[in-house]
Amino acid sequence: MADLLKDLDFFNLDDLLSSEERATRETVKRFVQREVVPGVERHFAAETFPTELVPQMAELGIFGANIKGYGCAGMNNVAYGLIMQELEAGDSGLRSFASVQSALAMYAIYANGTEEQRRRYLPEMARGKLLGCFGLTEPDHGSDPGGMETRARKDGDGWILNGTKRWITNGSIADLAIVWAKVDQGFTGFVVEKGTPGFSARDIHGKFSMRASITSELIFEDVRLPAAAHLPQARGLKAPLGCLTQARYGIAWGAIGAARTCFNTALDYTKSRKQFSRPLAGYQLVQNKLVRMLTEITKAQMVCLRLAHLKDQGKLRPEHVSFAKRNNVNEALKIARDARDMLGANGIVNEYPVIRHMMNLETVNTYEGTFDVHTLILGRDITGENAFE
Ligand code: TGC
Ligand code: FAD
């Protein structure tokens, strides 16, 4: 079978990458090809995450890859983005696992924790010895996390936490949860370790999307937390939203990987599949679809590369990330749907990766700010009118 993970580089964007960035991409691509692709359909069917891959991912420096110090690889944001792209070329669930560990859980501690908290958690998380999750969404509050009902109140030196978080990636396999809660003065965050009395996690089943990823509900019933569990720099909603910007950045890159696998599959299939005595790829309607895929993947690559350079220069605005997340995921989803169609009946079976990517991308379009939420963020930016108020 053809190499479905192979690069698509119509404008020689590789010329703009350093040799280290290219080497990082190739290493992760090889890992995905050898270790992920052979077992991913099995995990998807069984609704399991391949936890056996965690030590190798840690070895490759994937966790907290763009964090400096604390045992992290300290790569630049181009290399970090390329890692996300290659992981998601394998499966969105794999990229999600890495995003949550790195951009949500580790970054939350890095940006909002004390030096002691950073030293305690980050090196172990980089080594994959401690896994994290990030609890912001609640059963009744998704797009509007400001409505959250989870409450923390002071109790002597410590805190008492009550509430429920839902749709939490890695929830039941995580050793620690970053949990966001309302307090008298607004909002703040906590590191809640697994096994803390009153804290439980239960998995959500029956998903048609992100099946090779664990999604859970977290329940907090009078959970007593020590002062050391509080993230003291987390003041207001800005703290969790700042973490989302990091994760959305990786998603914008990741979506290119999923789209690329779908494009490669559709191209390979239509070149060999004959109907009415010639290859499907010879028909104008099919070529139109392939060219649209090539165009959107190439545009997404260019947006991401510029995004990475802005991020490395400290010039990135959250709205830039909204633009990229909104566009790249939505286009990836359309590419996956077109590829599914182009494979005909073969498009619905797991002999090909397309339908798995298509179903995964439905989640990616919804989480980390839905397509429409990012439309409103960008609308607010260009008009100065806030549709959320
Ligand atoms: P708003 O008034 O807009 O902002 C409150 C404060 O936060 C600042 N801010 C940001 N800072 C950094 N990054 C961002 N993206 C930021 N967005 C806002 C803002 O400047 C303000 O600061 P200050 O100093 O003035 O206080 O707040 P709002 O309540 O009106 O929120 C608006 C809205 C809709 C944009 C926000 O609530 C939102 O983004 N909603 C979407 C929720 C969401 O994306 N949830 C994701 C949950 S995690 C997840 O899905 C993980 S999936 C697993 C994986 O990643 O693979
Ligand atoms: P809602 O907010 O109820 O939105 C429903 C629909 O209404 C959407 O189409 C939306 O665009 C639209 N809508 C909402 N507000 C407006 C408006 N103002 N104007 C117009 N339309 C609007 N969360 C976490 O905290 N941590 C995680 O690790 C995590 N992992 C996830 C994993 C999976 C597999 C999934 C599916 C979700 C995950 N989430 C996680 C939750 C995710 O972030 C939310 O699902 C997402 O933010 C949307 O919230 P919601 O599902 O409540 O939809």
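Report follows, based on the coordinates. Starting from 1, residues in each chain are numbered consecutively following that chain's sequence as written. Written order determines the labels here, with chains lettered from A and ligands numbered from 1. A pLDDT threshold of at least 70 governs which residues receive local features in this predicted model, and a stricter bar of 80 or more applies before side-chain atom pairs are shown or counted, although totals over entire chains, interfaces and linings include all residues. In computing side-chain properties, one takes all heavy atoms of the structure into account and sets aside hydrogens as well as water.

### Notes on the overall build of the chain
Heads up, the rule is: Numbered from the N terminus, helices here are DSSP runs of H or I no shorter than four residues, and strands are runs of E no shorter than two. The globule rule used here is 2.2 Å times the number of residues to the 0.38 power, and the radius of gyration it is set against is calculated over C-alpha atoms. Buried residues are those whose accessible area, probed at 1.4 Å on protein chains only, stays under 20% of the maximum for their type, while exposed residues exceed 50% and partly exposed ones sit between those limits. Only the protein chains shown count as covering a residue, and every accessible area follows the Shrake-Rupley method with a 1.4 Å probe. When charges are counted, neither His nor the chain ends are considered; positive counts come from Lys and Arg and negative counts from Asp and Glu. Note on charges: their place is set at NZ of Lys, CZ of Arg, CG of Asp or CD of Glu.
Across its full length, the chain carries ten helices and ten strands. For 389 residues, the compact-globule estimate of 2.2 N^0.38 gives 21 Å, and the chain sits close to it at 21 Å. Across the 389 residues in the chain, those meeting the buried criterion constitute 54%. As displayed, the chain has an accessible area near 16,900 Å², and 52% of this comes from carbon and sulfur atoms. Charge centroids of the chain, computed over 47 positive and 46 negative side chains, lie 3 Å from each other.

### Considering the site of ligand 2
This is how the line gets drawn: By convention in these notes, a residue is near a molecule or strand provided one of its non-hydrogen atoms lies within 4 Å of it. Throughout this description, a polar contact denotes any pair of N or O atoms lying within 3.5 Å of each other; where both atoms belong to protein, one of them has to be capable of donating a hydrogen while the other can accept it, and for residues adjacent in sequence the pair is counted only when both atoms sit in side chains.
Taken together, 16 residues are adjacent to ligand 2, and Thr137, Ser143, Trp167, Thr169 and Thr370 come closest. A distance of 2.7 Å separates a nitrogen atom of ligand 2 from a polar atom in the side chain of Thr137. In the model, a nitrogen atom of ligand 2 is placed 2.8 Å from a nitrogen or oxygen of the Thr169 side chain. Surface burial for ligand 2 is 64%, taken as the share of its 980 Å² of free accessible area covered by protein chains.

### Concerning the packing of aromatic side chains
As a reminder of what qualifies: The pairing test for Phe, Tyr and Trp rings, Trp by its six-membered ring, is centres within 6.5 Å, and the orientation test on the planes gives stacked under 30 degrees, edge-to-face over 60, and tilted for anything in between. Remark: a charge is flagged as sitting over a ring if the NZ atom of Lys or the CZ atom of Arg is within 6 Å of the ring centre and within 35 degrees of the ring normal.
A full pass over the atoms with the stated rule returns ten aromatic pairs. With centroids separated by 6.5 Å and ring planes inclined at 45 degrees, the aromatic side chains of Tyr107 and Tyr110 adopt a geometry described as tilted. Of the two residues, Tyr107 and Tyr110 are both situated in helix H4 (residues 92-112); the distance of three residues between them amounts to about one turn of the helix. By relative accessible area, which is 30% here, Tyr110 ends up partly exposed. Ring centres of Phe199 and Phe220 lie 4.9 Å apart, and the angle between their planes is 15 degrees; on these two criteria the pair is classed as stacked. Linking Phe199 in strand E6 (residues 199-203) with Phe220 in strand E7 (residues 215-225), this pair joins segments that are 21 residues apart in sequence. What makes Phe199 buried here is its relative accessible area of 14%. A connected cluster of aromatic rings, assembled from ring pairs, spans Phe49, Phe63 and Phe97. Above the plane of the ring of Tyr110 lies Arg118, whose end atom (NZ or CZ) is 5.7 Å from the centre. Across the ring face of Trp167, the terminal group of Arg166 is positioned such that the distance to the ring centre comes to 4.8 Å.

### Examining the pattern of salt bridges
Worth spelling out the cut-off: Whenever a carboxyl oxygen of Asp or Glu lies within 4 Å of a side-chain nitrogen of Lys or Arg, that contact is scored as a salt bridge.
Within this structure, the stated rule accounts for 28 salt bridges. The salt bridge involving Arg202 is made with Glu217; its shortest N-O contact spans 2.7 Å. Taken together, the residues Arg202 in strand E6 and Glu217 in strand E7 connect sequence positions 15 residues apart. Overall, the relative accessible area of 51% leaves Arg202 in the exposed class. The class for Glu217 is buried, based on a relative accessible area of 9%. Via salt bridges that share partners, Asp7, Asp14, Arg25, Glu26, Lys29, Glu86 and Arg260 belong to a single interconnected network.

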